[in-house]
Amino acid sequence: MARFDRYLLSQLMVLFGFFSLILILMYWVNRAVVLFDQLIADGQSIGVFLTFSALTLPGLIRIVLPLSAFAAALYVANRMIAESELIVVQATGFSPFRLARPMLVFGVIVALLMSILVHYLVPASVTELNRRQTEIAQNATARLLREGQFLSPVNGVTLYIREITPEGELRDIFLSDTRASAESVTYTASSAYVVRTEKGPQLVMIDGMAQTLRADSDRLITTAFADLVYDVGAMIQLPDTSRRSSREVMTHDLLRPTPALATETEKTEPELYAEGHSRIAESLLGLIAPLIGFATLLVGGFSRFGVWRQMVSAIFLLVLIKMIESVTTNAVRADPSLWALVYLPSFCGLLLTTGLLSWSMNPAVFRRRIPEVSP
């Protein structure tokens, strides 16, 4: 690479890292507050909160990288125009397309980072996050087992345990279930155990009695039992770990969907195929965003009043690309056979960049010619 290319690329990478750090912190703080309230209020430790925060970072970085690349391109181009660096370089014979070469290399680097995130890190983090959520939900049953306290895990259920032995035996159980309007049931038992099954945790009560009070007749039915199983897992909604969502599937599997994968994710094969291509198109946005910002500022050239108009135009063009992306995404979701439309925003972005660079080479083309006045 030429010395100018290395200089411009180094400036872009430094500011890209700076803007990425700022934007990630802003996004992370907003989500961390909600996550902190949910986990800490649920009795989880700080370690669990930090683990969950780390697992959500790949998804946040995926959103931030194109924005920070765009901001870095605008900042570097604005500074170099204000300090007349680009003017001097252009005077040496560099065309706008030649000036955009380091910006293209920068966009390719950002697109590669986006590809690593979208195709590998984000699906892996979603899988691990779902696994940790399942563990926490399963461990929630342990918080129901507190001796000497009346607990109400759900509305209409009251549980009391006098003592919990080191071996896990629950002694002197009282359980009241009034969720059904037709009857209420009260269970008492001398001992009980919590047993994990495929259907979730079960409470096995031994040597007890069930008292059922019917609301329609006010009759009390008493039943003694040697052992009775009560579904404790029904009190807690455990996530379904038998199926994966499409967000957990790697991109190379989405591009080669099988009937088994479609059944597992509850999506059709064309939908999975279209989602794989949408990930590829999303990574291309990291290439398009900085090119649009840089090319738009080159159109204005040097001005003592700054290039704020070009900066506003660059932001408008990026918003336009995102609007096209939203429209094409909705169209592909409605009809997965139109998966090729997901590349339309990238194609439009390349056309805009080429047009803007061509314009900056011949700025007089779009200027209004002043007719000559004959004497």
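Residues numbered from 1 in each chain as written. Predicted model: local features only at pLDDT ≥ 70, side-chain atom pairs only at ≥ 80, totals over all residues. Heavy atoms only, no water.

1. Looking at the overall build of the chain
Logical step 1: Helices and strands together make up the secondary structure of the chain, namely ten helices and six strands.
Logical step 2: Evaluated residue by residue, the chain yields a buried proportion of 38% over its 375 residues.
Logical step 3: Within the chain, contacts between residues at least 6 apart in sequence are counted, and of these 59% link residues at least 24 apart.
Logical step 4: For the chain, the exposed area adds up to about 21100 Å²; of that, 62% sits on carbon and sulfur atoms. (Helix = DSSP H or I, 4+ residues; strand = E, 2+ residues; numbered from the N terminus. Buried < 20%, exposed > 50% of the residue type's maximum accessible area, 1.4 Å probe, protein only. Contact = heavy atoms within 4.5 Å. Areas by Shrake-Rupley, 256 points an atom, 1.4 Å probe, with all protein chains shown as cover.)

2. A look at a nonpolar patch on the surface
Logical step 1: Nonpolar side chains collect at one region of the surface, where Ile-315, Phe-316, Val-319, Leu-320 and Met-323 lie side by side and expose about 470 Å² of accessible area between them.
Logical step 2: Take Phe-316: it is sitting in helix α9 (residues 308-334). (Patch = residues over 30% accessible without salt bridge, like charges linked within 9 Å, V, L, I, M, F, W, Y side chains within 5 Å. Salt bridge = Lys/Arg side-chain N within 4 Å of Asp/Glu carboxyl O.)

3. Digging into the environment of Ala-124
Logical step 1: Secondary-structure assignment places Ala-124 in helix α5 (residues 101-144).
Logical step 2: For Ala-124, a relative accessible area of 38% puts it in the partly exposed group.
Logical step 3: The spacing of Ala-124 and Arg-247 is 123 residues in sequence and 9.1 Å in space, taken between C-alpha atoms.

4. Remarks on the nonpolar core
Logical step 1: Phe-4, Phe-16, Leu-86, Leu-99, Met-103, Phe-106 and Phe-294 are the most contacted members of the largest nonpolar core, which totals 46 residues.
Logical step 2: When residues of this core are traced back to their parent elements, those giving at least two are α1 (3-41), α2 (46-82), α3 (85-91), α5, α8 (269-300), α9 and α10 (344-361).
Logical step 3: If sequence neighbours within four positions are ignored, Leu-86 has contacts with Phe-4, Ala-77, Met-80, Ile-81, Leu-99, Phe-294 and Leu-298.
Logical step 4: Ile-161, Val-185, Tyr-187 and Val-232 belong to the second-largest nonpolar core, a separate cluster that totals 16 residues. (Core = buried A, V, L, I, M, F, W, Y, C linked by side-chain atoms within 4.5 Å.)

5. Things to note about the side chain of Ser-283
Logical step 1: By secondary structure assignment, the location of Ser-283 is in helix α8.
Logical step 2: Accessibility expressed as a relative area gives 3% for Ser-283, which makes it buried.
Logical step 3: Reaching out from Ser-283, the side chain makes a polar contact with the backbone oxygen of Ile-280 at a distance of 2.6 Å. (Polar contact = N/O pair within 3.5 Å; in protein donor to acceptor, adjacent residues only side chain to side chain.)

6. Structural notes on the confidence of the model for the chain
As a general rule, the predicted coordinates of low-pLDDT regions are not to be interpreted in detail.
Logical step 1: Summary statistics for the chain give a mean pLDDT of 83 and a share of 86% for residues scoring 70 or more.
Logical step 2: Note on residues 368-375: pLDDT under 50 across the span, and zero contacts to partners over four residues away in sequence or across chains. (pLDDT = per-residue confidence, 0-100.)

7. Some details on the pairing of strand β3 (residues 170-177)
Logical step 1: Here strand β2 (residues 157-164) runs beside β3; their pairing, made up of seven bridges, is antiparallel. Considered in β3, the bridge of Tyr-160 is made with Phe-174.
Logical step 2: Taking the residues between adjacent antiparallel strands as the criterion, β2 and β3 are bridged by five residues, where Gly-168 takes a positive phi near 95 degrees.
Logical step 3: Bridging between β3 and strand β4 (residues 183-197) involves seven bridges; their strand directions are antiparallel. Across the sheet, residue Leu-170 finds its bridge partner in β4, namely Ala-192.
Logical step 4: Taken together, β3 and the strand that follows it, β4, pair antiparallel across an intervening segment of five residues. (Pairing = 2+ DSSP bridges.)

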